[in-house]
Number of protein chains: 2
Amino acid sequence: MSSAIPISPLAPEILTGLQRVATLFDAQLASDFPAVNELCRYVERYRGKMLRPTLVLVAGLATTDDGTPLRHEHDIIAATVEMIHMATLVHDDVLDEAAVRRRGETVNFLRGNETAVMLGDYLISNAFHLCSRAGDPALNLRLGEVTNTLCEGELVQLSRRHDLSLDTETYFEIVRRKTAVLVGAACELGARLSGASTADVAAWRRFGEQLGVAFQIQDDLLDLLGDEATVGKSIGRDLEKGKLTLPMILHIRGTSGAARTAALDAIDAKDGAALRAALTSSGAIDRARLQAVELVEAAKRELPTTRRTGARELLIELADRVVARDH
Amino acid sequence: MSSAIPISPLAPEILTGLQRVATLFDAQLASDFPAVNELCRYVERYRGKMLRPTLVLVAGLATTDDGTPLRHEHDIIAATVEMIHMATLVHDDVLDEAAVRRRGETVNFLRGNETAVMLGDYLISNAFHLCSRAGDPALNLRLGEVTNTLCEGELVQLSRRHDLSLDTETYFEIVRRKTAVLVGAACELGARLSGASTADVAAWRRFGEQLGVAFQIQDDLLDLLGDEATVGKSIGRDLEKGKLTLPMILHIRGTSGAARTAALDAIDAKDGAALRAALTSSGAIDRARLQAVELVEAAKRELPTTRRTGARELLIELADRVVARDH
């Protein structure tokens, strides 16, 4: 966990905060039933980069002066967004029939789809319960909007599986909803809980959303190009499940003749090697990578003035890592 | 829908209320995406007896004087509990691999498990969002507790599938959590929103919870004895999926020798006819039915004094119907 936080004057405060968030997360899920607790231990193992809670804490610190502590509500929202994220991972693995996640076997692989569906529901329910413990109806309302949007993104993506006519505009709308809105809310709510102005809160949301889209493009690239040992989860699932990702769309819409046919045939045959070869030679992979980098640059330009020493540098490094990561 | 409400001086007010609730329910789920709206039309078709929203409205009316209107918050909570219930139906049908619900094909049958999982998530998310619109953090907190408990009940039930050692105590604990707590919350919150005393609110919750357990036993009996055309949903799923229900548990624990072996063999072979024969001749079916009736009587005794003309009679008739229904 600690290796995910860049070296920074803020690092000790963030790391202590993430420990509190992890404790709150685990305590929220604790059940009277050993069978439930056993399942929750799989979820603890899924805990990875903790990008979303980190962004809540960093946005919360960045918008206050040196020495001002975070509020308990920051911890609650940080744990809540991570729990929502975990619920989507558990259900996504059911949807993707994935066997590996964070270098371990998935809940659906180990315990069956039925248990994975219900464990995801338990996480969603606990996320809303935890959020309610902050006692601020505006937080519930905002996170309810976010998860509605997230589910819509997933439903639209499902409805467009195997649809070769998917354009980049629809792709970006799906990704904004299914991935970016939660990352945006993490930044927005972190800043809002520190009393940032309405204009600044909106800028934090835009920063997070653009970062979230870049994050998803990088995920698309890793699913296409990465190897399972490094990425630490099942790869090639997008091709397997008929999900058209940005490099595929850029290729299909930017080529004609034999180059286009080669990619369509590879998608049809679910031939990852042939698809990689086609998308590499057309430059579609490079173009997708460039779009992710440009989104990170655009995100950085959204950042409002920060008050805490070292906050801006830390945020810029976190943003750069989104597209530099290999897992 | 209207046929589910007994003839009563309160019937017109309840029916008008349920129309408002249905409108609120549908408006909450409306999406910018036609693909999402199309899926939500399946959910509208699932709408059945509307027992839970009816209980919110009746409890809300019963605890105020004649002529006092319901609050908008009653409608919000009524629609919220129905949406939570619908989400559990959609995910239960995935868990049970059921093909038929409310005389129509299920979402998982028509559109696949993946879409059904995500549609259920969309319903859960919208339920919490809708509840948040009431602006009262105590409502969010209570419903979050209720859905946590509900998911725990489902997870414990899953962990005990095919477990012939399941006892009635654990059975009742599972049923209380997975079914009764939501029915209890419907009554409790209806009364609470009308300003009932703490003692009365607790009595309303106990009334609803006992009714909920009786409801589940009746569901168990219908799954075992009913025919699909009358019940209107896939039956025999409990046996198929290894769920031990009350009549099975009463038989296994109340017989020995050939009678016990006959039932165990029928469970093992998933032979519904043989199981019905064994459970009928041992009296286990009659004993389960009697327990449901006794729970309804116990529920009625919990009812606090009502203030609205006709409310008590309506509640008693609703309670009696829980165990008299054939669908």
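In case you missed it, the structure is sitting above this.
Residues numbered from 1 in each chain as written. Chains lettered and ligands numbered in written order. Predicted model: local features only at pLDDT ≥ 70, side-chain atom pairs only at ≥ 80, totals over all residues. Heavy atoms only, no water.

S.K.: Any details on the overall build of chain A? Residues and values, ideally.
M.R.: A tally of helices and strands in chain A yields 16 helices and two strands. For 327 residues, the compact-globule formula gives about 20 Å, and the C-alpha radius of gyration of chain A, at 20 Å, lands near that figure. On the principal axes, the C-alpha backbone points of chain A span a range of 60 × 50 × 35 Å. Put simply, chain A has 327 residues, and 62% of those count as buried. (Helix = DSSP H or I, 4+ residues; strand = E, 2+ residues; numbered from the N terminus. Rg over C-alpha atoms; globule rule 2.2 N^0.38 Å. Buried < 20%, exposed > 50% of the residue type's maximum accessible area, 1.4 Å probe, protein only.)

S.K.: Could you give an account of the packing of helix H9 (residues 198–225) of chain B against helix H15 (residues 284–302) of chain B, naming the residues involved and the relevant values?
M.R.: All names here are of chain B. Running from N to C, H9 and H15 cross one another at 160 degrees; their axes reach a closest spacing of 8 Å. Classified by the interaxial angle, the pair formed by H9 and H15 is roughly antiparallel. Of the two possible hands of crossing, H9 and H15 adopt the one that is left-handed. Contacts between H9 and H15 pair Ala-203, Arg-206, Phe-207, Gln-210, Leu-211, Val-213, Ala-214, Ile-217, Leu-221, Leu-224 and Leu-225 from the former with Ile-285, Ala-288, Arg-289, Ala-292, Leu-295, Val-296, Ala-298, Ala-299, Lys-300 and Glu-302 from the latter. (Axes fitted to C-alpha atoms, helices over the stretch in contact; angles between N-to-C directions. Parallel < 35°, antiparallel > 145°, perpendicular 65-115°, else oblique. Left-handed = near helix turned anticlockwise from the far one by under 90°. Contact = heavy atoms within 4.5 Å.)

S.K.: Would you mind going over the packing of aromatic side chains in detail, with residue names and values included?
M.R.: All names here are of chain A. Evaluation of the coordinates by the stated rule reveals five aromatic pairs over all chains. Between Trp-204 and Phe-207, the aromatic rings sit 6.0 Å apart at their centres with planes inclined by 85 degrees, giving edge-to-face as the arrangement. Within this pair, Trp-204 and its partner Phe-207 are both found in helix H9 (residues 198–225), separated by three residues, close to a single helical turn. When sorted by exposure, Trp-204 lands in the same class as Phe-207, which is buried. (Phe/Tyr/Trp six-rings, centres within 6.5 Å; stacked < 30°, edge-to-face > 60°.)

S.K.: Report on the pattern of salt bridges, specifying residues and quantitative values.
M.R.: Working definition: two side chains of opposite charge can pair if their charged atoms are close together. Residues and elements named next belong to chain A. Scanning all chains against the criterion turns up 52 salt bridges over all chains. Across the salt bridge formed by Glu-188 and Arg-142, the nearest N and O atoms sit 2.8 Å from each other. Here the residue Glu-188 occupies a position in helix H8 (residues 168–193), and Arg-142 occupies one in helix H7 (residues 137–159), the gap between them amounting to 46 residues. A relative accessible area of 3% means that Glu-188 is categorised as buried. (Salt bridge = Lys/Arg side-chain N within 4 Å of Asp/Glu carboxyl O.)

S.K.: Tell me about the interface of chain A and chain B, and please be specific about residues and values.
M.R.: Chain A puts 42 residues into the contact, and the matching count from chain B is 43 residues. Here chain A and chain B share six salt bridges between them. Where Lys-241 of chain B meets Glu-114 of chain A, a salt bridge forms, and the shortest distance between an N and an O atom there is 3.0 Å. In this assembly, chain A and chain B are joined by 14 residue pairs in polar contact (both at pLDDT 80 or more). (Polar contact = N/O pair within 3.5 Å; in protein donor to acceptor, adjacent residues only side chain to side chain.)

S.K.: Explain the side chain of Asn-126 of chain B to me, and be specific about the residues and the numbers.
M.R.: Counting through the fold element by element, Asn-126 of chain B comes out in helix H6 (residues 113–132). For Asn-126 of chain B, a relative accessible area of 1% translates into the label buried. The contact partners of Asn-126 of chain B, leaving out residues within four places of it in the chain, are Asn-148 of chain A together with Gln-28, Leu-29 and Met-83 of chain B.

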